[in-house]
Structure formats: structure tokens, C-alpha cells
Amino acid sequence: SFKLHYQPLMNLEDDSEHLFEVFVDLPQKQGEAMEAGEFMPVAAEQGLVGKIDRWVVLNAMRAAAAMSEPVKLVFNINGGSLADASLADWLLKAMRAAKMDGSRLTFQLTEGDATTYLKQAGVFAEKMKSAGCGISISRFGGGLDPFKLFQHIPATMVKFEGSFTQDVSKAEGRQRLTDIVKQVKESNRRTVVGFVESAAQMQALWTLGGIDYLQGYYLQAPMDSLQIPESA
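Since this is a predicted model, take the numbers as computed values, not measurements.

Thresholds, definitions, all that
Residues numbered from 1 in each chain as written. Predicted model: local features only at pLDDT ≥ 70, side-chain atom pairs only at ≥ 80, totals over all residues. Heavy atoms only, no water. Helix = DSSP H or I, 4+ residues; strand = E, 2+ residues; numbered from the N terminus. Expected span 1.5 Å × (residues − 1). Buried < 20%, exposed > 50% of the residue type's maximum accessible area, 1.4 Å probe, protein only. Contact = heavy atoms within 4.5 Å. Core = buried A, V, L, I, M, F, W, Y, C linked by side-chain atoms within 4.5 Å. Phe/Tyr/Trp six-rings, centres within 6.5 Å; stacked < 30°, edge-to-face > 60°. Lys NZ or Arg CZ within 6 Å of the ring centre and 35° of its normal. 1 Å grid on protein atoms, 1.4 Å probe; cavity = no way out; pocket = protein on both sides within 12 Å on 5 of 7 lines; lining within 4 Å. Points joined across faces, edges and corners; volume = space filled by probe spheres on them. Nonpolar A, V, L, I, M, F, W, Y, C, P; charged D, E, K, R; others polar. Axes fitted to C-alpha atoms, helices over the stretch in contact; angles between N-to-C directions. Parallel < 35°, antiparallel > 145°, perpendicular 65-115°, else oblique. Left-handed = near helix turned anticlockwise from the far one by under 90°. Pairing = 2+ DSSP bridges. Salt bridge = Lys/Arg side-chain N within 4 Å of Asp/Glu carboxyl O.

S.K.: Quick rundown of helix 6 (residues 118–130)? Include the residues and the values.
M.R.: The terminal C-alpha atoms of helix 6, which comprises 13 residues, lie 18 Å apart, in line with the 18 Å expected from a rise of 1.5 Å per residue. All of the buried residues along helix 6 are A121, G122, F124, A125 and M128. Buried residues along helix 6 sit in contact with helix 3 (79–82), helix 4 (87–97), strand 5 (105–110), helix 5 (111–116) and strand 6 (134–140). Just beyond helix 6, the residue with positive phi is G132, at close to 90 degrees.

Printed below as a string of C-alpha cells:
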């Protein structure tokens, strides 16, 4: 019953790249669909998050393989999945079966999960990176010292915590984002600012410098099928 959705990340330097973050929700017979944030905690209690993450990866890769143009995908891997030592090997087999090159896939962990499952996250990230995959840390900058994670996890990209976007209209917030973007770029990692929901935010972020990707409902809401937006 799960349904996949795909939200593009706008590359500010290269509009020929088609990169999508993959989301999953659970449609309800009545009312709006239940988002992952609602059902994943229940799935975690039942030990099912690993199965859901695998289902998402497998079906999104099939959709990507059917595209006439090459697309890249960002998958959110839950903390409960990181506890499964067999996950990385399973993903590598699934990639081979789908004939999906690692350079087209990025696996994303939240800063919180990466901290909680630090050892497992490091092993997982090393295995996937050795296959050419990208490693992203989302909700980055929410903790006291997020840069410590780079000592354990070979992240290639970070997606900043949502408050950075919310505060970009204020001088203090803009400086806070400028500073952390500069630090991330100095470590040779790509930067994503999500949750862009207004023209004012878009304009402020566009001129900030150091940002590789923008993402949010103002640019493109998550789509029900994998397709390259006409505006791209």
C-alpha cells in the first residue's frame, strides 16, 4: 500500500543534472496519506523499518531504470535499518540487479540517527561509498558539534536543518547559514538547503554563495511519479 514520491533538488550550477529525493507515505482510505514521520516510529517498534527502506530503494531504482534520461536518487535510510549489518550488502546486490551505477545513488542519514548509530553508520557509509555512492547527512547543524560526524562518516553531502531556511530572511540567520555553508564547503562536501517555501527565501539563498542545491515546495512539490519537471 505504500506510495513513493520524488522531489527534485535544483542544482544551481548544472541544470542538466536530475537529482531526486525519494519519500514514502501510506495512503489512507479516508483523509490524507500518512507520512513516514507518523508510521515509521510504529514500524520501528515492530522491527519493520528495514523492510520498508528496502522496498523504497528497490521500487525507486526500478522507476529510475525505466527512465529514458539518467536520473539520480537520494534515499533516506532510517536508524533502525543501520542496525541491520546485512543492509549494505543487500543494497549492493539490488544495485547490480537494477544495473544502477553507484554514482547515481546517494544514501542519506539524519544527523540524529548518525549520532545514535555512529559505529554502524560509519561501516554502512564506508561500504556504500566504496561502491561509488554518495553519503548525505540530513538535518545537519541541529546538534552541538555536527562536524564531529565527519571524523566517522565519509559524507559527500549535507542537507541543512530546516531552521536555517526559516531564519534566512533575518541578518543573524543569514550569517549563521553563511558560516556553516563555508565550513562544509571547506571540507569539500556538497550543500543542500531544503524547505524553500517562498520567493523571498529563494532570492536570499540564491545570492548566499556556496550552496549547491535548493529544494522545497516553492520550487517543486514531491511528485507521484519519477519525471523530469518541465521547468528544468
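S.K.: Describe the nonpolar core, naming the residues involved and giving the relevant values.
M.R.: The biggest cluster of nonpolar side chains holds 62 residues, and the ones touching the most others in it are F75, F107, F124, M128 and F160. For this core, the leading source of residues is helix 2 (residues 49–65), giving 7 residues. Among the nonpolar cores identified, the runner-up in size contains 6 residues, and L9, L19, V74 and Y213 belong to it.

S.K.: Run through the packing of aromatic side chains, naming residues and quoting values.
M.R.: If you walk through the whole model with that rule in mind, you get 9 aromatic pairs. Both rings, one in F140 and one in F160, keep their centres 6.3 Å apart while their planes meet at 65 degrees; by these two values the pair is edge-to-face. Of this pair, F140 sits in strand 6 while F160 sits in strand 7 (residues 157–160), placing them 20 residues apart in sequence. An aromatic cluster is built from F140, F147, F150, F160 and F164, whose rings are joined through pairwise contacts. Here the guanidinium or amino end of R189 rests over the ring plane of F150, the centre of that ring lying 3.7 Å away.

S.K.: Tell me about the layout of surface pockets, residues and numbers included.
M.R.: Space inside the largest pocket adds up to approximately 1,200 Å³. Along the walls of the largest pocket sit 39 residues, with F23, A36, G37, N76 and R139 positioned nearest its centre. Looking at the lining of the largest pocket, the elements that each hand over two or more residues are strand 1 (3–11), strand 2 (19–26), helix 1 (36–45), helix 2, helix 3, strand 5, strand 6 and strand 7. Across the lining of the largest pocket, the residue classes break down as 15 nonpolar, 14 polar and 10 charged.

S.K.: Tell me about the packing of helix 4 against helix 6, and please be specific about residues and values.
M.R.: One way to put it is that helix 4 packs onto helix 6 with a least axis distance of 9 Å and a crossing angle of 20 degrees. By the criterion of interaxial angle, the relationship of helix 4 to helix 6 is roughly parallel. For the pair helix 4 and helix 6, the sense of crossing is right-handed. When helix 4 is examined against helix 6, the residues L87, A88, D89, L91, L92 and M95 are found in contact with a partner set consisting of F124, K127 and M128.

S.K.: So what's going on with the packing of helix 1 against helix 2? Residues and values would help.
M.R.: The N-to-C vectors of helix 1 and helix 2 enclose an angle of 125 degrees; their axes lie 8 Å apart at closest approach. As summarised for this structure, helix 1 and helix 2 are arranged oblique, according to the angle between their axes. Contact with helix 1, carried on its side by F39, M40, A43 and A44, involves V49, I52 and D53 of helix 2 and no other residues of that element.

S.K.: Kindly report on the pairing of strand 7, identifying the contributing residues and their values.
M.R.: Side chains of strand 7 alternate between two faces, with M157 and K159 and V158 and F160 buried alike. Relative to strand 7, strand 6 is paired through 3 bridges, and the arrangement is parallel. Looking across to strand 7, one finds that S136 is bridged to M157. Where strand 7 meets strand 8 (residues 190–193), 3 bridges bridge the pair, whose relative direction is parallel. Paired with V158 across the two strands is T191, which belongs to strand 8.

S.K.: Any chance you could break down the pattern of salt bridges for me, citing the residues and the numbers?
M.R.: As enumerated under the stated definition, the model contains 8 salt bridges in all. In this structure, the salt-bridge partner of D167 is K170, at a minimum N-O distance of 3.8 Å. The class of D167 is partly exposed, set by a relative accessible area of 24%. Where K182 meets E186, a salt bridge forms, and the shortest distance between an N and an O atom there is 2.7 Å. Note that K182 and E186 are positioned in helix 8 (residues 171–186) at a spacing of 4 residues, about one turn of the helix. An identical accessibility class is assigned to K182 and E186; each is exposed. Here the salt bridges share partners, and the residues they tie into one network are D167, K170 and R176.

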